[in-house]
Amino acid sequence: MDGEKGSFRIHTMATIGEFDPLNSTVPATKIEVTFGRTEVIDNTLNPDFVRKFVLDFFFEEKQNLRFDVYNVDTRSSNLSKHDFLGQMFCTLGEIIGSTGSRLERTLSGIPGKKCGTIIFTAEELSNCRDIATMQFCANKLDKKDFFGKSDPFLVFYRSNEDGTFTICHKTEVIKNNLNPVWQSFTIPVRALCNGDYDRTVKVDVYDWDRDGSHDFIGEFTTSYRELSRGQSQFNVYEVKYKHSKNNNKKIKETKKLNSNPSQPTSLHYMSPYQMNAYAMALKAVGEIVQDYDSDKLFPAYGFGAKLPPDGKISHAFPLNSNTEDPNCVGIEGVLEAYFQSLRTVQLYGPTNFAPVINQVARCAAEVTDGSQYFVLLMITDGVISDMAQTKEAVVNASSLPMSIIIVGVGPAEFDAMEELDGDEVRVSSRGRFAERDIVQFVPFRDYIDRSGNQVLSMARLAKDVLAEIPDQLLSFMKTRGIEPRPPLPATSDSPSMSTTTTATTTPAPKQRNTHA
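Keep in mind that what you see is a predicted model, and the values were worked out from it rather than measured.

Scoring rules and cut-offs
- Residues numbered from 1 in each chain as written.
- Predicted model: local features only at pLDDT ≥ 70, side-chain atom pairs only at ≥ 80, totals over all residues.
- Heavy atoms only, no water.
- Helix = DSSP H or I, 4+ residues; strand = E, 2+ residues; numbered from the N terminus.
- Buried < 20%, exposed > 50% of the residue type's maximum accessible area, 1.4 Å probe, protein only.
- Contact = heavy atoms within 4.5 Å.
- Areas by Shrake-Rupley, 256 points an atom, 1.4 Å probe, with all protein chains shown as cover.
- Axes fitted to C-alpha atoms, helices over the stretch in contact; angles between N-to-C directions.
- Parallel < 35°, antiparallel > 145°, perpendicular 65-115°, else oblique.
- Left-handed = near helix turned anticlockwise from the far one by under 90°.
- Nonpolar A, V, L, I, M, F, W, Y, C, P; charged D, E, K, R; others polar.
- Core = buried A, V, L, I, M, F, W, Y, C linked by side-chain atoms within 4.5 Å.
- Phe/Tyr/Trp six-rings, centres within 6.5 Å; stacked < 30°, edge-to-face > 60°.
- Lys NZ or Arg CZ within 6 Å of the ring centre and 35° of its normal.
- Salt bridge = Lys/Arg side-chain N within 4 Å of Asp/Glu carboxyl O.

Student: Help me out: how do you make sense of the overall build of the protein chain in this one?
Tutor: Along the protein chain, the regular secondary structure elements total eleven helices and 26 strands. Per-residue burial for the protein chain yields a buried fraction of 48% across its 516 residues. The contacts in the protein chain between residues at least 6 apart in sequence include a share of 67% that link residues at least 24 apart. When the accessible surface of the protein chain is totalled, it reaches about 27000 Å², and 50% of it is carbon and sulfur.

See the structure below:
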C-alpha cells in the first residue's frame, strides 16, 4: 500500500432477481449499499484493522461484497480526494467457506500494477451480551527511544481456532513513560473472546513510532475469566520480552491436522482399517492403567469443541454426553464414547489445557490422605493456546496427589510440551516453582513401529509413558509422611484406584485415582 495512511470501505450488492421476459412485468433490479469504513492506520503497508463489521449470513443466498482500499491524504470524507489502491470482489459465502473462515485474495483495479493482497476472517457470533470495563497500567517497561523513554500502547488479540490471533482492541499511546496508566475502556465480551471465557487473549506491548515502525516491547496472555477475577484486586502479568512470530508460524503449519474427522487428513480420522493415533494412545496406556482400577470406571472428557444443540464452546465436556455421570466402562467404553463424540460435536479451537487440569486438580484436592492418586492422560497435537494458565495449573497441581501424562500426536513441533515436562527445569509460574515434577511428555511418533505393527507401537509407548508414575506417586506419599497401608481383605468395600479419561479435540486425556 503506497502512501502514508490506509483504509478501506465495504459495499454489499444484493441481486433482487433476474429479468424473465416471459413471466415478468417489471424489470429486475440490483441495489448497492455502502456498508462501512474501517479506521485509518497511519504509515504502514501492512495494516491490521481493528474495526469489525457484523453481517447477517444466509446460507441459501448469494451475498456479494466489494472492498475498496484507499490511501488517505487529507481529513476529507470524500473518497475522490484520496488515492485508490485497489479493490476485491467476493461473496460472504466464500469467506465463511474458506479453511478456518480465512480468505486471502489479490487486490486489483489499477492496470499494470500489483496492488497487494487483502485478508478476511469471519467467525459466527455467540449470543453473549456481556460488557467488560477494564484498565491497565505497567511498571518498568523497556526503554526503546534513543532520546527519550518509550511511548507505549497495548494491542489486544483473541485467539482463533487455527492458532492465529485476531486484533480486537488498541489502547491510546502514553508518551515518554515507562510506567504508563492507560485510560479505562469498555469492550463487548463477544469481541474479546466471543463468549468463551477460557479463550486465550494475547496482549502485545509496543513503543509507538511516528513512522509506523512500532517497536515490540513484549507480550503476555490471559483469558476473560482470569481478567474478570481482577474486579476487587489487581491481576499482575509478566511481560515477556520476546517475539512470538516463530511460534505462530509453527502453529499455522499444523492447523489443518485436526480438521473434519471424516477427512483422512485429520488426526481424528476414523479409518475402517486401523485406529488413529489418539485411539492407539488411549488403548496403549489405558489397558495397563485399568489393571489397577477396581471398578473399571473411567471418567472421560474432551476439550475444544462446540456442543449440541446450541454450539456452546467447552474445554471440558463428558465424552458420553452425560454431565451427571461421565464414567465409561473400561477402556473399550472410553474408545466408544470418543468415537461417538466425534460424530456429535464440532471440533473447535483454541486448545486450552488449563480447564481440564484444574478440573482434575479439584478432584485430587478432595482426597489428600493417600487413599487415591490421580493420573491425567492428555493426548494433543501440540497446539496449546493457554501456556501461561497451563503452567500455573501445573504448579498448583504439583502439591496434590496427581500426575499428568501428555502424549503428542502428529508431526507438530512440541516445544511447548517440552517446557511443561520439568525434567531439566522445574515448571514455574508467577515466581512459584512446581513442588514436584508431575508432568511426563512423549511424542507418539517416536514409538511408531516402522513395519506398521500397531501392537508393538502401543507397547513401546505405554512402557515409557508410565515409567515415571511410581516415583511420582511415592514422592507425594513421602513428602506427606503417608505410610503404606496393611493389606485389606478382598471385599467390595476395599479402597480402589479409579481412572478418569479426558478426551479432547486433541482427544482423550485420561486420569485415574490410585490408593497407596
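There is more to say, and it comes next.
Student: Just checking my understanding: could you explain unusual backbone geometry for this structure?
Tutor: Backbone geometry follows two general trends: most residues other than glycine have a negative phi, and most peptide bonds adopt the trans configuration. That bond from proline 308 to proline 309 is cis: its omega, 5°, falls within 30 degrees of zero. Looking at where proline 309 falls in the secondary structure, it is placed in the loop between strand E15 (305-307) and strand E16 (312-314). Look at lysine 140: it is not a glycine, yet its phi comes out positive at around 55°. Among the secondary structure elements, lysine 140 is positioned in the loop between strand E8 (131-134) and strand E9 (152-159). The phi dihedral of arginine 430 is positive, around 55°, even though this residue is not glycine. Tracing the sequence through the fold places arginine 430 in the loop between strand E22 (428-429) and strand E23 (432-433). A relative accessible area of 48% means that arginine 430 is categorised as partly exposed.

Student: Could you clarify how one ought to interpret the side chain of aspartate 386 in this entry?
Tutor: You can see aspartate 386 is positioned in the loop between strand E20 (374-380) and helix H8 (387-397). In this structure aspartate 386 touches Thr200, Thr351, Asn352, Phe353, Ala354 and Pro355, once residues within four positions along its chain are discounted.

Student: Got a minute to help me understand the packing of helix H5 (residues 277-289) against helix H10 (residues 454-465) in this structure?
Tutor: For any two helices packed against each other, the geometry is given by the interaxial angle and the distance between the axes. The interhelical angle for the contact between H5 and H10, taken along N-to-C directions, is 60°, at an axis separation of 9 Å. Here H5 lies oblique to H10, going by the angle between them. For the pair H5 and H10, the sense of crossing is right-handed. The residues of H10 that touch H5, namely those facing Met280, Ala281, Lys283, Ala284, Val285 and Ile288, are Gln454, Ser457, Met458, Leu461, Ala462 and Val465. By residue class, the composition of the contact of H5 with H10 is nine nonpolar, two polar and one charged.

Student: Teacher, can you tell me more about the nonpolar core here?
Tutor: Most often, soluble globular proteins have nonpolar side chains that are buried together. Ranked by size, the top nonpolar core spans 43 residues in total, and within it Ile379, Ile405, Val407, Val409, Phe444 and Leu461 carry the most contacts. Top contributing element to this core by residue count: H5, with nine residues. Beyond its immediate sequence surroundings of up to four residues, valine 407 is in contact with Ala281, Leu377, Met378, Ile379, Thr380, Val442, Phe444, Leu461 and Val465. Met378, Ile384, Met387 and Leu400 belong to the second-largest nonpolar core, a separate cluster that totals 30 residues.

Student: In this structure, what is going on with the packing of aromatic side chains? I would like to understand it.
Tutor: The geometry of an aromatic ring pair is captured by two quantities: the separation of the ring centres and the angle between the planes. For the structure on display, the rule yields 13 aromatic pairs. The interplanar angle of 65° and the centroid separation of 5.3 Å between the aromatic rings of phenylalanine 136 and phenylalanine 156 together place this pair among those described as edge-to-face. Here phenylalanine 136 is found in the loop between E8 and E9, whereas its partner phenylalanine 156 is found in strand E9, with 20 residues between them in sequence. A single burial state applies to phenylalanine 136 and to phenylalanine 156, both of which are buried. For the pair tyrosine 206 and phenylalanine 216, a centre-to-centre distance of 5.6 Å together with 75° between the ring planes defines the contact as edge-to-face. In this pair, tyrosine 206 is assigned in strand E12 (residues 200-207) and phenylalanine 216 in strand E13 (residues 215-223), connecting sequence segments ten residues apart. Residue phenylalanine 216 is classed as buried on the basis of its relative accessible area, which comes to 15%. An aromatic cluster is built from Phe136, Phe156 and Phe185, whose rings are joined through pairwise contacts. Taking NZ or CZ as reference, lysine 202 lies 5.2 Å from the ring centre of phenylalanine 165, over its face.

Student: Is there a simple way to explain the pattern of salt bridges in this structure?
Tutor: When their charged atoms lie close together, side chains carrying opposite charge are able to pair. This structure, assessed with the given rule, holds 15 salt bridges. Two residues, arginine 66 and aspartate 68, come together in a salt bridge whose shortest N-O distance is 2.8 Å. On the basis of relative accessibility, which here comes to 15%, the residue arginine 66 falls in the buried class. We note a salt bridge from lysine 202 to aspartate 204, for which the minimum N-O separation is 3.1 Å. Residue lysine 202 shares its accessibility class with aspartate 204, and that shared class is buried. In the salt-bridge network here, residues are joined through shared partners; they are Glu123, Arg158 and Arg199.

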